[in-house]
Amino acid sequence: MLANPITKYQPAEIINFPERRWVNKQVAKAPIWLSTDLRDGNQSLFNPMNVETKLKFFNELVRVGLKEIEVGFPAASAIDLAFVRKLIEENLIPADVTIMVMTQARKDLIDKTIAAVRGCPRVIVHLYNATAPRWREIVFGMTVTEVMELINNHISYLKELTDKLPETEWILQYSPETFSATELEVALQACNTAIAAWGVRIGRPIIINLPTTVENTMPNVFADKIEWMSQRIAHREQVILSVHPHNDRGTGVATAELALLAGADRIEGCLFGNGERSGNVDLVTLALNLYTQGINPGLDFSAINRVAKIVEECTQLPIHPRHPYVGELVFTAFSGSHQDAIRKGFLWQQTQQYWGVPYLPIDPADLGRSYESVIRVNSQSGKGGIAYLLEQNYGITIPRKLQIEFSGIIQQQVDTSEVEIDAAAIWQLFAESYLEYVGGDKDNLEYVDYSLETVAGGRRIVLELAHYGTPVVLSGVGCGVIEAVVNAFANQLEVVNYEEKALSHATTAQAFTLIECCDVNGNTTFAAGINADIVVSSIKALVVAVRRLGLVPQIIKLTNPR
Ligand code: KIV
Ligand code: ZN
């Protein structure tokens, strides 16, 4: 049993902020994105990345369109230092990309950080210190006044150092770490102290980054805090207000989205939500959430599988199969009613402007994912998914009645195997059931050859068949080929529906014939044939129909009375 929450945990924080405006706002444009995959994400790995891996990740971030990338903590890590030097010395940072390096508020670390980035044309130096009461009191034993002095002293020191190095464009990012747990007045004082110490003015902006170092409130409470800060912070016009949500409550994405409504200009996070504990906010989800609302996120995830592969390789962490947008299963519908709706939705979509396929919040093709994996078939599935897979993979459309009949065959198979069945297995079952049906032993009858001639009253067909390997020759006359074949089968069956089509998915042109037949007792069956010659595909379909209706012994007897 869980401990009693009433006595163990404090009630949810409430902010008295009736003037909040974010509730009535809408997001209209993408924020500035910063990837902290190579810093916060990297710090949370079993095996932190080496220089080579970092470079591979960095290049992918650049390819995706990130313009601000936190590359590490060079004063604290030899690998991060080597990586930063490599980026700078080998000129690997594109002109429109700015790297960010992190440092604690300590003079020796600031010195090392500035030395690490010498020669870089533009750098964001990210300086942070903890501000929340628990950290002040338990971890550092500092008063609020001492915290403010720490900020002022170290940012002034950083300013002095960087003022002497004008060949680099220096941008300061200040983070009151543990902002989410800090009294708002104290957080505001910390940020304003940083702003004053850095000498912020027009042309000398600052990034103020407000983290949910540990996510501890509902996203609306965080949004209130962001709007509260945004309204009060000094030199707001020169402040790029950034948020850095973690995901301890599983609401990192909501927190970031509401923060945008509340005035945040920038979001820091990691691809696919890697990061300490439950992760940093997932930049991919955020970007694609915007995309599906008709907003250009400025990040390109049109080859999302490639991005995922690189991230998994670099982090050595798997992405969950149900992770939004990227998970292996997120464009898969197992349930029959969902499959049916998706299949109908794809047809409907062909005439629409805006995306609206039921159950698919985004067009998988936009992410470079294929429709083939949209529908998978297991014991929960229905005819819609099966029909869709046949249509998509083999170009075969089957009528509703056959969908129902065939889904029974599939169902039997998946109930027995208790596993999912893919398009190839569905096709094999379709072929065994309707294309090459051997049925009971008594029904063995194979097509061998045919010849056609024009005679009075229509066309005469001579059919060469094999009954248990023994040649059987039948002939019949009719207005067309089908009627002539039916006549050759002693009129023991009738074709009630006939469809033929060229198979678009076949490598060589093939005709596909699908027929529905009934015998003289009214029993019906579907049967199909495939061949380059349309006459052969029709004959093959009729031979299968004869087998499926169990008519072979009867036809052999009627046509060979001896
Ligand atoms: O989560 C956090 O608070 C951080 C800061 C250093 C920004 O990563
Ligand atoms: Zn963090």
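I will try to describe carefully the structure that is included in this document. Predicted model only: the values in this text are computed from it and were never measured. (Residues numbered from 1 in each chain as written. Chains lettered and ligands numbered in written order. Predicted model: local features only at pLDDT ≥ 70, side-chain atom pairs only at ≥ 80, totals over all residues. Heavy atoms only, no water.)

Time to look at helix α5 (residues 107–116). Since the α-helix advances by 3.6 residues per turn, residues separated by three or four positions end up pointing in the same direction. Along α5, the residues classified as buried are L109, I110, T113, I114 and A116. Taken around the axis of α5, the buried residues stretch over an arc of 155°, which confines them to a single face. On the buried face of α5, the contacting elements are α4 (78–89), β3 (98–104), β4 (122–130), α7 (144–163) and β5 (169–177). (Buried < 20%, exposed > 50% of the residue type's maximum accessible area, 1.4 Å probe, protein only. Helix = DSSP H or I, 4+ residues; strand = E, 2+ residues; numbered from the N terminus. Arc of directions from axis to C-beta. Contact = heavy atoms within 4.5 Å.)

You can see I267 is positioned in strand β8 (residues 266–269). Setting aside chain neighbours within four positions, we find I267 in contact with P31, I32, W33, L34, V243, P245, A256, L260, V281, L283 and L286.

Moving on, we come to the sheet that holds strand β10 (residues 458–467). One open sheet holds the 3 strands; their spatial order is β9-β10-β11, and the pairing between them is antiparallel. This sheet does not close on itself; its edge strands, each paired only once, are β9 (446–455) and β11 (470–478). Across the sheet, the mean angle from the axis of one strand to that of its neighbour is 15°, orientation sign disregarded. Of the strand pairs in this sheet, β9 and β10 are connected by 9 bridges, and their pairing is antiparallel. In the sheet register, D449 faces β10, and the bridge partner there is E464. Lying on the sheet, helix α17 (residues 481–488) is in contact with β9, β10 and β11; it crosses β11 at an angle near 125°. Set on the sheet, helix α18 (residues 534–548) makes contact with β9 and β10; between it and β9 the angle comes to about 120°. (Pairing = 2+ DSSP bridges. Axes fitted to C-alpha atoms, helices over the stretch in contact; angles between N-to-C directions.)

Where two aromatic rings form a pair, the distance of their centres and the angle of their planes describe that pair. This structure, assessed with the given rule, holds 9 aromatic pairs. For the ring pair F346 and W355, a centre distance of 6.2 Å and an interplane angle of 65° mean the geometry is edge-to-face. Given the relative accessible area of 11%, F346 is considered buried. Using a relative accessible area of 27% as the deciding quantity, one classes W355 as partly exposed. Plain terms: the ring middles of F406 and Y434 are 5.9 Å apart, the flat faces sit at 75° to each other, and that makes the pair edge-to-face. With F406 in helix α15 (residues 400–417) and Y434 in helix α16 (residues 423–435), this residue pair connects regions lying 28 residues apart in the sequence. (Phe/Tyr/Trp six-rings, centres within 6.5 Å; stacked < 30°, edge-to-face > 60°.)

Ligation of the zinc ion (ligand 2) by protein atoms is provided by D40 (OD), H244 (NE2) and H246 (NE2), these donors lying 2.0 to 2.1 Å from the ion. Between consecutive donor residues of the zinc ion (ligand 2), the sequence gaps follow D-x203-H-x1-H. Since its relative accessible area comes to 4%, H246 is described here as buried. (Donors = N, O, S within 2.8 Å, 3.2 Å for Na, K, Ca; no water.)

Looking now at the side chain of T217. Position of T217 among the secondary structure elements: in the loop between β6 (206–212) and α9 (219–232). The exposure class of T217 is buried, given its relative accessible area of 10%. Setting aside anything within four residues of it in sequence, one finds T217 in contact with E13, F222, K225, R249 and T251.

All residues in the neighbourhood of ligand 1 are listed as R39, D40, M102, H126, Y128, S175, E177, N209, P211, T213, H244 and H246. With respect to ligand 1, the side chain of T213 contributes an N or O atom lying 2.5 Å from an oxygen atom. Burial of ligand 1 by the protein amounts to 95% of the accessible area it has alone, namely 260 Å². Elements that contribute at least two residues to the shell around ligand 1 include exactly α2 (37–43), β4, β5 and β6. Considered class by class, the residues forming the shell around ligand 1 number 3 nonpolar, 6 polar and 3 charged. (Near = heavy atom within 4 Å. Polar contact = N/O pair within 3.5 Å; in protein donor to acceptor, adjacent residues only side chain to side chain. Areas by Shrake-Rupley, 256 points an atom, 1.4 Å probe, with all protein chains shown as cover. Nonpolar A, V, L, I, M, F, W, Y, C, P; charged D, E, K, R; others polar.)

With that settled, consider the nonpolar core. Soluble globular proteins tend to bury their nonpolar side chains together. Ranked by size, the top nonpolar core spans 129 residues in total, and within it F58 and F406 carry the most contacts. Other than its neighbours up to four places away in sequence, F58 contacts L38, I69, V71, F83, L87, L92, I93, P94, V97 and I99. One finds Y447, V481, A527 and A541 within the second-largest nonpolar core, a separate group that totals 31 residues. (Core = buried A, V, L, I, M, F, W, Y, C linked by side-chain atoms within 4.5 Å.)

So, about the pairing of strand β2 (residues 68–72). The element β2 is extensively covered by neighbouring structure, given that 5 of its 5 residues are classed as buried. In this sheet, β2 lies alongside strand β1 (residues 32–35) in parallel orientation, the contact comprising 2 bridges. In the sheet register, S35 faces β2, and the bridge partner there is I69. The pairing of β2 with β3 spans 4 bridges and is parallel. Looking at β3, one finds that G72 is bridged to V101. Between the parallel pair β2 and β3, the chain is carried across by α4, and the sense of this crossover is right-handed. (Right-handed = clockwise from strand over helix to strand, strands pointing away.)

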